[in-house]
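# Fold and geometry: a report
Chain by chain, the residues run as shown.
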Amino acid sequence: MKKLDADWGYELGVYFRLLNHLFTFIDLADLPFEERTRLANFARAQLSSYELAMLFYNGLWGEGRATFKPLAEKYGLFKHLQPEHVLDPRDLKPGLLYAETAFAGFDRRLEVWKGVEPMLDAD
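Keep in mind that this is a model prediction, so the values were computed, not measured. (Residues numbered from 1 in each chain as written. Predicted model: local features only at pLDDT ≥ 70, side-chain atom pairs only at ≥ 80, totals over all residues. Heavy atoms only, no water.)

## Side note on the overall build of the chain
Rules: What counts as a helix is a DSSP run of H or I of at least four residues, what counts as a strand is a run of E of at least two, and both are numbered from the N terminus. Relative accessible area decides the class of each residue, using a 1.4 Å probe on protein chains only: under 20% of the type maximum gives buried, over 50% gives exposed, and in between gives partly exposed. Any two residues having at least one pair of non-hydrogen atoms within 4.5 Å are treated as being in contact. Calculation of accessible area relied on Shrake-Rupley with a 1.4 Å probe; when residues are assessed, cover is drawn exclusively from the protein chains displayed.
Regarding its fold elements, the chain presents five helices and zero strands. Starting at the N terminus, the α and β elements of the chain follow one another as α-α-α-α-α. Looking at the chain residue by residue over its 123 residues, the buried ones come to 37%. Partitioning the contacts of the chain with sequence separation of at least 6, the portion at a separation of at least 24 is 70%. Put simply, the chain shows about 7600 Å² of open surface, and 59% of that area lies on carbon and sulfur atoms.

## Here we look at the pattern of salt bridges
Stated formally: Each salt bridge in this description consists of a side-chain nitrogen of Lys or Arg and a carboxyl oxygen of Asp or Glu lying within 4 Å of one another.
The full count for this structure, using the stated rule, is eight salt bridges. Between Asp27 and Arg36 there is a salt bridge, with the nearest N and O atoms lying 3.6 Å from each other. According to the relative accessible area criterion, Asp27 is buried, its value standing at 11%. Between Arg38 and Glu35 there is a salt bridge; the shortest N-O distance is 3.3 Å. Taken together, the residues span about one helical turn, with Arg38 and Glu35 both in helix H2 (residues 33-45) at a distance of three residues. Of the residues examined, Arg38 reaches a relative accessible area of 45% and is grouped as partly exposed.

## Digging into the packing of aromatic side chains
Applicable threshold: Stacked, edge-to-face and tilted are the three classes for Phe, Tyr and Trp ring pairs, Trp counted by its six-membered ring, which pair at centre distances within 6.5 Å; planes under 30 degrees apart are stacked, over 60 edge-to-face, the rest tilted.
Here the structure, examined in full by the defined rule, presents twelve aromatic pairs. Aromatic side chains Phe56 and Phe103 sit 6.4 Å apart centroid to centroid with 50 degrees between the ring planes, which places their arrangement in the tilted category. Taken together, the residues Phe56 in helix H3 (residues 49-58) and Phe103 in the loop between helix H4 (62-75) and helix H5 (106-112) connect sequence positions 47 residues apart. Ring geometry for Phe78 and Tyr98: centres 5.0 Å apart, planes at 70 degrees, overall edge-to-face. In this pair, Phe78 sits in the loop between H4 and H5 while Tyr98 sits in the loop between H4 and H5, placing the two residues 20 residues apart along the sequence. The residues Phe78 and Tyr98 share a single accessibility class, namely buried.

Any functional reading would require information beyond the geometric quantities listed.
So, in C-alpha coordinates, the structure goes:
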(Lines give C-alpha, C1' and ligand atoms only; values in the text may rest on other atoms or scores of the structure.)
Protein backbone atom coordinates (compact mmCIF):
# COMPACT_ATOMS: atom_id res chain seq x y z
CA MET A 1 0.00 0.00 0.00
CA LYS A 2 2.92 2.35 0.66
CA LYS A 3 4.16 1.96 -2.93
CA LEU A 4 0.65 2.48 -4.27
CA ASP A 5 0.25 5.55 -2.08
CA ALA A 6 3.63 6.93 -3.16
CA ASP A 7 2.86 6.41 -6.86
CA TRP A 8 -0.84 7.22 -6.97
CA GLY A 9 -1.73 8.85 -3.65
CA TYR A 10 -2.27 12.25 -5.24
CA GLU A 11 -5.11 10.75 -7.29
CA LEU A 12 -6.36 7.91 -5.10
CA GLY A 13 -6.37 9.99 -1.94
CA VAL A 14 -9.16 12.16 -3.31
CA TYR A 15 -11.17 9.07 -4.24
CA PHE A 16 -10.65 7.40 -0.85
CA ARG A 17 -11.57 10.60 1.01
CA LEU A 18 -14.70 11.06 -1.11
CA LEU A 19 -15.91 7.54 -0.33
CA ASN A 20 -15.02 7.95 3.33
CA HIS A 21 -17.07 11.17 3.48
CA LEU A 22 -19.95 9.53 1.61
CA PHE A 23 -20.18 6.60 4.03
CA THR A 24 -19.69 8.91 7.02
CA PHE A 25 -22.53 11.10 5.73
CA ILE A 26 -24.74 8.04 5.42
CA ASP A 27 -23.77 6.87 8.90
CA LEU A 28 -24.56 10.25 10.48
CA ALA A 29 -27.87 10.71 8.64
CA ASP A 30 -30.89 11.08 10.89
CA LEU A 31 -32.45 7.88 9.56
CA PRO A 32 -33.14 4.44 10.98
CA PHE A 33 -30.22 2.03 10.64
CA GLU A 34 -32.14 -0.02 8.03
CA GLU A 35 -32.47 3.05 5.80
CA ARG A 36 -28.82 4.04 6.24
CA THR A 37 -27.90 0.48 5.31
CA ARG A 38 -29.99 0.76 2.13
CA LEU A 39 -28.14 3.95 1.20
CA ALA A 40 -24.78 2.29 1.92
CA ASN A 41 -25.86 -0.65 -0.25
CA PHE A 42 -26.67 1.74 -3.13
CA ALA A 43 -23.22 3.31 -2.77
CA ARG A 44 -21.53 -0.10 -2.54
CA ALA A 45 -23.37 -1.26 -5.67
CA GLN A 46 -21.52 1.43 -7.66
CA LEU A 47 -18.14 -0.08 -6.76
CA SER A 48 -16.47 -2.81 -8.77
CA SER A 49 -14.74 -5.69 -7.03
CA TYR A 50 -11.43 -4.07 -8.03
CA GLU A 51 -12.43 -0.84 -6.30
CA LEU A 52 -13.55 -2.80 -3.26
CA ALA A 53 -10.13 -4.47 -3.19
CA MET A 54 -8.39 -1.08 -3.15
CA LEU A 55 -10.72 0.09 -0.37
CA PHE A 56 -10.08 -3.15 1.50
CA TYR A 57 -6.36 -2.42 1.72
CA ASN A 58 -6.87 1.31 2.23
CA GLY A 59 -8.85 0.48 5.36
CA LEU A 60 -5.87 -1.37 6.82
CA TRP A 61 -3.34 1.41 6.53
CA GLY A 62 -2.95 4.99 7.73
CA GLU A 63 -5.98 7.19 8.08
CA GLY A 64 -8.21 4.60 6.41
CA ARG A 65 -7.68 2.25 9.35
CA ALA A 66 -9.12 4.78 11.79
CA THR A 67 -11.90 6.16 9.63
CA PHE A 68 -12.91 3.81 6.82
CA LYS A 69 -12.40 0.38 8.39
CA PRO A 70 -15.14 0.86 11.04
CA LEU A 71 -17.58 1.98 8.34
CA ALA A 72 -16.71 -1.02 6.15
CA GLU A 73 -17.37 -3.34 9.09
CA LYS A 74 -20.60 -1.59 10.05
CA TYR A 75 -22.10 -1.58 6.54
CA GLY A 76 -20.78 -4.88 5.13
CA LEU A 77 -18.89 -3.13 2.37
CA PHE A 78 -16.87 -6.17 1.34
CA LYS A 79 -19.83 -8.50 0.96
CA HIS A 80 -19.19 -8.74 -2.81
CA LEU A 81 -15.40 -8.55 -2.84
CA GLN A 82 -14.02 -11.38 -4.97
CA PRO A 83 -11.03 -13.43 -3.69
CA GLU A 84 -9.27 -13.18 -7.05
CA HIS A 85 -9.10 -9.38 -6.67
CA VAL A 86 -7.05 -9.31 -3.46
CA LEU A 87 -3.36 -10.03 -3.02
CA ASP A 88 -4.01 -13.16 -0.97
CA PRO A 89 -7.49 -14.74 -0.78
CA ARG A 90 -6.74 -15.69 2.84
CA ASP A 91 -6.95 -11.96 3.62
CA LEU A 92 -10.73 -12.30 3.26
CA LYS A 93 -11.05 -14.70 6.17
CA PRO A 94 -13.54 -13.03 8.53
CA GLY A 95 -11.85 -11.89 11.70
CA LEU A 96 -8.33 -11.89 10.25
CA LEU A 97 -8.02 -8.34 8.92
CA TYR A 98 -11.64 -7.23 9.21
CA ALA A 99 -14.50 -8.28 11.45
CA GLU A 100 -16.96 -10.79 10.02
CA THR A 101 -19.49 -8.00 9.60
CA ALA A 102 -17.41 -6.39 6.81
CA PHE A 103 -18.35 -9.38 4.62
CA ALA A 104 -21.90 -10.00 5.86
CA GLY A 105 -25.37 -8.94 4.86
CA PHE A 106 -27.65 -6.85 7.06
CA ASP A 107 -29.40 -9.69 8.88
CA ARG A 108 -26.14 -11.46 9.71
CA ARG A 109 -24.60 -8.22 10.99
CA LEU A 110 -27.57 -7.69 13.30
CA GLU A 111 -27.22 -11.29 14.46
CA VAL A 112 -23.53 -10.77 15.24
CA TRP A 113 -24.33 -7.56 17.12
CA LYS A 114 -27.25 -9.24 18.88
CA GLY A 115 -29.71 -6.87 17.20
CA VAL A 116 -28.07 -3.63 18.39
CA GLU A 117 -26.40 -1.26 15.94
CA PRO A 118 -22.78 -0.58 16.89
CA MET A 119 -21.72 2.99 17.50
CA LEU A 120 -18.62 4.30 15.77
CA ASP A 121 -16.08 6.20 17.84
CA ALA A 122 -16.70 9.93 17.62
CA ASP A 123 -13.65 12.14 17.18
